[in-house]
Amino acid sequence: MLLAPSILAADLADLKSAVDLCERGGADLVHFDVMDGCFVPNLTFGAPVARALAGHTDLPLDVHLMVAEPDRLLDDFLAAGARWVSIHWEVATHLDRSLHRIREAGARAGVVLNPATPVEVLTDILPEADFVLLMSVNPGFAGQPFLPYVVDKARRLRGEIERRGLAVQIAMDGGIGLDNIRRVVKAGVEVCIAGSAVFGAADPAERMRELRRRAETEVA
Ligand code: DX5
Ligand code: ZN
């Protein structure tokens, strides 16, 4: 399991420390939520912030583009040092082209699905993606409750990936915490993104380790 803390839920006045905490807690990626105030109501960070953080850590930056026109921003984020980049299926006009652009720049290319978008829309494009990010909340804000029906989407997608012998990884984002991370991983999710469960804790680095233990330990 790869753990990707979402710094959207950290102290936004001190993102440098948030990234340091990710390193101390043994995180695998730093999840970076880009919102444009159009695809989602909220407005967050741009490529200059990504560049500043990428220069501050060796952890790969996982850029989740919640924007209405992702193609306009791709090159900026790739040049800023994003190592994983995902775009929403719901707004991708030329998804195949966008995924190839990400891969050609040497980054891992991901497709994100909103909770209500069925995984079956990915049938043809699946081999062109490095990962699929399943939203387990409606995108826009940290701290929302987990939507349990998304677990079944992960199971179906995992079955399809295995049936076809693909190497696509499944990520999940939204409402993941100590109480559900094991269930999520058992459904076939390999990349767990967690915002408030990490940064809402008194000791975020310790919480990252606890999330990993829970994800990897069978409970009775
Ligand atoms: C939601 C963002 C998530 C969010 C996760 O739109 O994409 O990455 O920060 O935060 P939690 O884990 O608190 O739901
Ligand atoms: Zn996200």
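Each residue is numbered by its place in its chain's sequence as written, counting from 1. As they are written, the chains are lettered A onward and the ligands numbered 1 onward, keeping that order. Owing to the predicted nature of the model, reporting of local features is limited to residues with pLDDT of at least 70; listing and counting of side-chain atom pairs is limited to 80 or more, with chain, interface and lining totals taken over all residues. To obtain the side-chain values, all non-hydrogen atoms of the structure were included, while hydrogens and water were left out.

> I'd like to hear about the side chain of N114, residue by residue, with values.
Helix and strand labels come from DSSP, where a helix needs a run of H or I of at least four residues and a strand needs a run of E of at least two; each type is numbered from the N terminus. Locating N114 in the fold gives a position in the loop between β5 (108–113) and β6 (131–135). The exposure class assigned to N114 is buried, which follows from its relative accessible area of 15%. Residue contacts follow a heavy-atom distance rule, with two residues in contact if any of their heavy atoms lie within 4.5 Å. With near-sequence residues (within four places) excluded, N114 lies in contact with F39, H88, E90, M135, P139 and K153. Categorising residues by exposure relies on relative accessible area from a 1.4 Å probe, with only protein chains included: less than 20% of the type maximum marks a residue as buried, more than 50% marks it as exposed, and the intermediate range marks it as partly exposed.

> Help me get a handle on the sheet that holds strand β4 (residues 84–88), residues and values and all.
One requirement defines pairing of two strands: DSSP has to find at least two bridges between them. Pairing is parallel in the open sheet, where 8 strands are placed in the order β1-β8-β7-β6-β5-β4-β3-β2. What marks the edges here is a single partner per strand, and that holds for β1 (2–5) and β2 (30–35). Mean inter-strand twist for the sheet, computed between neighbouring axes without regard to direction, equals 20°. Where β1 meets strand β8 (residues 191–194), 4 bridges bridge the pair, whose relative direction is parallel. Of the residues in β8, the one forming a bridge with P5 is A194. Strands β4 and β5 of the sheet are contacted by helix α4 (residues 95–104), whose axis makes an angle of about 145° with β5. Here, axes are lines fitted to C-alpha atoms. For helices the fit covers the stretch in contact, and angles between N-to-C directions go from 0 to 180 degrees.

> Requested: an account of the site of ligand 1, with residues and values cited.
Taken together, 19 residues are adjacent to ligand 1, and G140, G143, D173, G195 and S196 come closest. At 3.2 Å from an oxygen atom of ligand 1 is found a side-chain nitrogen or oxygen belonging to H64. About the coverage of ligand 1: the protein hides 99% of its 380 Å² of free accessible area. As defined here, a cavity is a set of points on a 1 Å grid over the protein atoms alone where a 1.4 Å probe fits but cannot get out. A pocket is an open set with protein on both sides within 12 Å along at least five of seven lines, and residues line them when an atom is within 4 Å of a point. Put plainly, a molecule is in a cavity or pocket when over half of its atoms are within 2 Å of the grid points there. Because more than half of its atoms lie within 2 Å of the grid, ligand 1 is assigned to the largest pocket. For the shell around ligand 1, the secondary-structure elements that each account for two or more residues are β2 and β3 (61–66). Residue composition of the shell around ligand 1, by class: 8 nonpolar, 9 polar and 2 charged. We call a residue near a molecule or strand as soon as one heavy atom of that residue lies within 4 Å of the molecule or strand. Think of a polar contact as two N or O atoms within 3.5 Å of one another; within protein, one of them needs to be a possible hydrogen donor and the other a possible acceptor, and neighboring residues in sequence only count if both atoms come from side chains. Note on areas: Shrake-Rupley, 1.4 Å probe, and residue coverage restricted to the protein chains presented here. When residues are sorted by character, Ala, Val, Leu, Ile, Met, Phe, Trp, Tyr, Cys and Pro go into the nonpolar class, Asp, Glu, Lys and Arg into the charged class, and all the rest, Gly among them, into the polar class.

> Mind laying out helix α3 (residues 71–79), listing which residues take part and the relevant values?
Residues of α3 that are buried: L74, F77 and L78. Taken around the axis of α3, the buried residues stretch over an arc of 95°, which confines them to a single face. Turned more than 90 degrees away from the buried face of α3 sit R72 and A79, all of them exposed. On its buried face, α3 sits against β2, α2 (47–54), β3, β4 and α4. Just downstream of α3 lies G81, where phi reads positive at about 105°. The directions considered for the arc run from the helix axis to the C-beta atoms.

> Before we move on, can you summarise the coordination of the zinc ion (ligand 2) with the specific residues and values?
Coordination shells were defined by N, O and S atoms within 2.8 Å of each metal, extended to 3.2 Å for Na, K and Ca; water is absent from the atom set, which can make sites look incomplete. Taken together, the protein ligands of the zinc ion (ligand 2) are H31 (NE2), D33 (OD), H64 (ND1) and D173 (OD), with distances of 2.0 to 2.3 Å. Donor residues binding the zinc ion (ligand 2) come from one chain and are separated in sequence as H-x1-D-x30-H-x108-D. Just as H31 is buried, D33 falls in that class too.

> Describe the environment of K186, and please don't skip the residues or the numbers.
Along the polypeptide, K186 turns up in helix α6 (residues 181–186). Residues K186 and R155 lie 31 residues apart in sequence; the distance between their C-alpha atoms is 8.6 Å.

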